[in-house]
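Observations on chain architecture
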Amino acid sequence: MTGAGSRPAGEASAQSSVPKPPRAEARPTQLSAHGLSWADDYAWIRADNWREVLRDPSRLPADIRALLKAENAYADAALAPTAGLQKELRREMRARLKEDDSEPPQVDGPWAYYSRFRSGGQRRIYCRKPRQGGAETVLIDGDARAEGKAFFHLAGGRHSPDHAKFAWSSDDLGSEILTIAVRDLERQRDLADRIRGATGDVVWTGDSAAFLYVEQDENHRPRRVMLHRLETGQGDDVEVFVEDDPAWFIGIEPTRLGATAIISVHGHDASEALVVDLDHPMAAPRLVAPRRPGIRYEVMDHGDRFFIRTNAGAPDFKIVIAPREAPQEANWRDFVVERDGRFIADATLFKDQLVLLMREMSRPRLAVIDLISGESHEIAFDEETYFLRFEPVYEFDTSLIRFSYSSLARPQETYDYDVAKRRRTLVKRQTMPRGFDPQAYVTRLVFAPAEDGESVPVSLIHKRGVRLDGSAPLMLTGYGAYGYAVEASFSTNRFSLIDRGFVFAIAHVRGGTDKGWRWYEDGKLGNKPNSFRDFLAAARFLIAEGYTGSGRIVAQGGSAGGLLMGAVANLAPDLFAGLIADVPFVDVLATMLDASLPLTPAEWLEWGDPIHDRAAFDTIRSYSPTDNVRAQRYPAILALAGLADPRVTYWEPAKWVARLRATMTGGGPILLRTAMEAGHAGAPGRFDRLEDVARQYAFAIACVEGGLERAAE
């Protein structure tokens, strides 16, 4: 095994053959806004026919394809000395996977449903067995469906109420333009039904003869809820609901009660919900409460009343109830009141109990409320920092809830919890190789002081016995957007770094809800720079406490976390040995100024609208990574993109890399690798994904060992 201080054999000779990095041609395009004008030298990398490229990557213009291929060749050459290490890392990570892993079955009526993998298989197989035991029936075999395809992602599936059919969705490009198909389970054959251009949401009607789905428009935006009747063409589908404002997303989910579905209309500032009667799906959906700025709510159906999770008058959310026949906001009555600093992150409803997932100071916890007696109790956990998640439960009238628990050092455990007996039963523990001992690792939750007096939670893990004298390398990750909390969950892959002496840390920066809703609000719009300052505060605190040293940190973030990487690279490059920016949102100003892009109108409520708001323009321009590249030394950077990515388009990291190479005065190397047959989530197969992780980890190890100098400019 290669240690953190050793260098792969043959490195020097391999590095001497590294070619010069590609230089994207500067073709200035003049832009203007708010009386200002500037040139974008690399706007041409954004293909004019980008919509076509999402649906057919072969339509990418030749000059752009040539640039991306040259970048891939350069990145592969620069990382060639780590080829042996990458192979070793892949072997290690695969050995930690249970190749024939399966989910605990979840019962629904006469059947128990689950998914599993076969040994050597890349994709899930959806299955069921009789509830009382018996032979397995394969519903959809992901490996078989992927046969002969360059890309195939089995996005999900849902069985019909009569258990006779199974609707499933898939993506053949990585562009998240899904196709829904239907399997007849009784006759074991595929129906002719094909729904193209959909999201993954599928809700069956009560008679199992039709289903509701969400249709995307030509700009890749979810726009309409449609009703499809089996054995008819997609052209015959009927509109149930439409949202014409591109700033809003829509989705549809069944309730656990089973008689209704909820259409969720949501943006980054507010939401509303409409109830669909699944026995009469053509009836107009019933609005619960109209959207209004700043108010979010989610509806759970309990028959004659709705339970609603909302922030109305409660920044950290509360639970209210409303009569089914008059659910408007004026009739909401508090059921669980808000408590400052206790964020109600999620809730799930059963016939006799309501279960809450709450978070305080980044620590999650569960509370169970008996709807008959009104009594409540919490489910306790011991570790400093850990992860909790509700697991699917199909049935409404049950005393068993299911949740998963893990920590940075403890493999995932799935429990059935009997709320009446207050007893948890382990139904599955994640399998790890023989000899894995959680006690061989130290996990901590520490708090880094921020510039403005706030404290930034940092979850971390390292091997017991690692010297905390500043010499250890450290990988620091973060996200900080959309209110998403970065969970302190278990990952088998990370131990390929941790067992080599790395400290692994998560900075729970503002922009997430790790410390409640205020933590999110303090990291969005005009407060966005707080996310970057928090990440740097975490890095400096970890250095001061001896967990690592300056120039010994490799930072990693993806998507909006990639924006975090680009910003800190500009602000404090000397802190880092390297940066990994996975599908990074780094061309923020140009993207937010382009209302034609799939997500831009909706994203204005997260980042600001620079087209109509000068203050938002100034703020975004002040931190947008591509617009703030400076004539300074940068650490080594590995930027990763997906050609079919509709969320962070491929040209964002490509433009950023071109600007870095043209402006920086030293450091590097700056590497860009674009997956030419993938999108935002990367490779779809579980073993193929290990290649991506191994590349990132090998890059990180090479950064702290100084193994990339000769590839630098």
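Residues numbered from 1 in each chain as written. Predicted model: local features only at pLDDT ≥ 70, side-chain atom pairs only at ≥ 80, totals over all residues. Heavy atoms only, no water.

1. Comments concerning the overall build of the chain
On a plain count of helices and strands, the chain comes out with 14 helices and 39 strands. For 713 residues, the compact-globule estimate of 2.2 N^0.38 gives 27 Å, and the C-alpha radius of gyration of the chain, at 25 Å, lies within 12% of that figure. Here the C-alpha coordinates of the chain stretch approximately 70 × 55 × 55 Å along the principal axes. Every one of the 713 residues in the chain was classed for burial, and the buried ones make up 60%. Within the chain, contacts between residues at least 6 apart in sequence are counted, and of these 57% link residues at least 24 apart. For the chain, the accessible surface area stands at approximately 27,700 Å², while carbon and sulfur atoms represent 47% of it. Counting 89 positive and 101 negative side-chain charges, the chain places the centres of these two groups 4 Å from one another. (Helix = DSSP H or I, 4+ residues; strand = E, 2+ residues; numbered from the N terminus. Rg over C-alpha atoms; globule rule 2.2 N^0.38 Å. Buried < 20%, exposed > 50% of the residue type's maximum accessible area, 1.4 Å probe, protein only. Contact = heavy atoms within 4.5 Å. Areas by Shrake-Rupley, 256 points an atom, 1.4 Å probe, with all protein chains shown as cover. Lys, Arg positive; Asp, Glu negative; His and termini not counted. Charge placed at Lys NZ, Arg CZ, Asp CG, Glu CD.)

2. So, the packing of aromatic side chains
Aromatic ring pairs are described here by two measures, namely the spacing of the ring centres and the angle between the planes. Evaluated as defined, the whole model comprises 29 aromatic pairs. The rings of Phe381, Tyr386, Phe403, Tyr405 and Tyr415 are connected pair by pair, giving a single aromatic cluster. (Phe/Tyr/Trp six-rings, centres within 6.5 Å; stacked < 30°, edge-to-face > 60°.)

3. Section: the nonpolar core
Ile45 and Phe535 are the most contacted members of the largest nonpolar core, which totals 81 residues. Sequence-distant contacts of Phe535, defined by excluding residues within four places in its chain, comprise Leu476, Thr477, Gly478, Ala507, Val509, Ala555, Leu564, Met565, Val568 and Phe576. Formed by 42 residues, the second largest nonpolar core is a distinct cluster that contains Ala409, Phe504, Ala577 and Tyr697. (Core = buried A, V, L, I, M, F, W, Y, C linked by side-chain atoms within 4.5 Å.)

4. Focus: the layout of surface pockets
What the second largest pocket holds in volume is close to 340 Å³. Around the second largest pocket sit 20 residues that line it, and Asp40, Ala43, Arg46, Asp594 and Lys655 are the ones nearest its centre. Secondary structure elements with two or more residues in the lining of the second largest pocket: strand 1 (29–33), strand 2 (36–40), helix 10 (588–592) and helix 13 (651–663). The element contributing the most residues to the lining of the second largest pocket is strand 1, with 3 residues. Here the lining of the second largest pocket is built from residues that sort into 10 nonpolar, 4 polar and 6 charged. (1 Å grid on protein atoms, 1.4 Å probe; cavity = no way out; pocket = protein on both sides within 12 Å on 5 of 7 lines; lining within 4 Å. Points joined across faces, edges and corners; volume = space filled by probe spheres on them. Nonpolar A, V, L, I, M, F, W, Y, C, P; charged D, E, K, R; others polar.)

5. As for the sheet that holds strand 19 (residues 305–310)
One key point about sheets: their strands pair by backbone hydrogen bonds, in either a parallel or an antiparallel sense. A sheet is described by the order of its strands in space; here 4 strands give the open sequence 18-19-20-21, paired in antiparallel fashion. In this open sheet, the two edge strands, each paired with only one partner strand, are strand 18 (297–301) and strand 21 (333–336). Each strand of the sheet is rotated relative to its neighbour by a mean of 35 degrees, with strand direction disregarded. In this structure, strand 19 lies alongside strand 20 (residues 318–323), joined through 6 bridges in antiparallel fashion. Across the sheet, residue Thr310 finds its bridge partner in strand 20, namely Lys318. (Pairing = 2+ DSSP bridges. Axes fitted to C-alpha atoms, helices over the stretch in contact; angles between N-to-C directions.)

6. Focus: the sheet that holds strand 14 (residues 249–254)
Reading across from one edge, 14-15-16-17 is the order of the 4 strands in this open sheet, with antiparallel pairing throughout. The sheet is open, and its two borders are formed by strand 14 and strand 17 (286–287), each paired with just one other strand.

7. Describing the pairing of strand 11 (residues 210–216)
Within strand 11, 7 of the 7 residues are buried, which leaves the element mostly enclosed by the surrounding structure. A two-sided burial pattern is seen for strand 11, the buried positions comprising Ala210, Leu212, Val214 and Gln216 on one face and Phe211, Tyr213 and Glu215 on the other. Of the pairings in the sheet, the one linking strand 10 (residues 189–204) to strand 11 comprises 4 bridges and is antiparallel in character. Looking at the pairing, Trp204 lines up with Phe211 of strand 11. For strand 11 and strand 12 (residues 222–229), the ladder comprises 7 bridges, and the chain directions are antiparallel. Bridging from a neighbouring strand, Phe211 pairs with His228 of strand 12. Between strand 11 and strand 12, which pair antiparallel in sequence order, lie 5 residues; one of them, His220, sits at a positive phi of approximately 70 degrees.

8. Re the packing of helix 8 (residues 529–544) against helix 9 (residues 560–571)
Helices that pack against each other are described as a pair by the angle of their axes relative to one another and the distance between those axes. In the contact formed by helix 8 and helix 9, the axes pass within 10 Å of each other and the chain directions differ by 70 degrees. Compared by their axis directions, helix 8 and helix 9 come out roughly perpendicular. Here the hand of the crossing between helix 8 and helix 9 comes out right-handed. On helix 9, the residues that touch Ser531, Phe532, Phe535 and Leu536 of helix 8 are Leu563, Leu564, Met565, Ala567, Val568 and Leu571. (Parallel < 35°, antiparallel > 145°, perpendicular 65-115°, else oblique. Left-handed = near helix turned anticlockwise from the far one by under 90°.)

9. Comments concerning the packing of helix 4 (residues 83–95) against helix 14 (residues 686–705)
Direction vectors running N to C along helix 4 and helix 14 enclose 130 degrees, while the axes themselves pass 8 Å from each other. By the angle class used here, helix 4 and helix 14 are oblique. Helix 4 and helix 14 meet at a crossing whose hand is right-handed. In this structure, helix 4 uses Leu85, Gln86, Leu89, Arg90, Met93 and Arg94 to contact helix 14, whose residues at the interface are Phe687, Leu690, Glu691, Val693, Ala694, Arg695, Tyr697, Ala698 and Ile701. Of the residues assigned to the contact of helix 4 with helix 14, the class counts are 10 nonpolar, 1 polar and 4 charged.

10. Here we look at helix 4
Its 13 residues give helix 4 an end-to-end C-alpha distance of 18 Å, which sits within 8% of 18 Å, the value for a rise of 1.5 Å per residue. Those residues of helix 4 that fall on the buried side of the exposure criterion are Leu85, Gln86, Glu88, Leu89, Glu92 and Met93. Buried residues of helix 4, seen end-on, are gathered within an arc of 160 degrees and therefore sit on one face of the element. Opposite the buried face of helix 4, by more than 90 degrees, sit the exposed residues Gly84, Lys87, Arg91 and Ala95. Tucked into the core, helix 4 has its buried residues touching helix 6 (495–498) and helix 14. (Expected span 1.5 Å × (residues − 1). Arc of directions from axis to C-beta.)

11. What about helix 11 (residues 600–607)?
Taken across its 8 residues, helix 11 has 7 buried, putting it largely inside the fold. For helix 11, every residue scored as buried is listed here: Thr600, Pro601, Ala602, Glu603, Trp604, Glu606 and Trp607. Residues of helix 11 that are buried make contact with strand 14, helix 7 (517–521), helix 9, helix 10 and helix 12 (614–623).

12. Details of the confidence of the model for the chain
Scored by pLDDT, the chain has a mean of 94; 97% of the residues are at 70 or more. Low pLDDT, under 50, characterises residues 1–16; the stretch is placed with 26 contacts to residues that sit more than four places away or in other chains. (pLDDT = per-residue confidence, 0-100.)

13. Here's the deal with the pattern of salt bridges
In total, this model carries 54 salt bridges according to the counting rule given. Across the salt bridge formed by Arg309 and Glu298, the nearest N and O atoms sit 3.1 Å from each other. One end of the pair, Arg309, is in strand 19; the other, Glu298, is in strand 18, with 11 residues separating them in the sequence. Salt-bridge contacts for Arg339 lead to Glu360; the nearest nitrogen and oxygen are separated by 3.2 Å. With Arg339 in the loop between strand 21 and strand 22 (343–349) and Glu360 in strand 23 (residues 353–360), this pair connects stretches of sequence that are 21 residues apart. A relative accessible area of 24% places Glu360 in the partly exposed class. Through salt bridges with shared partners, a single ionic network connects Glu88, Glu92, Arg96 and Arg500. (Salt bridge = Lys/Arg side-chain N within 4 Å of Asp/Glu carboxyl O.)

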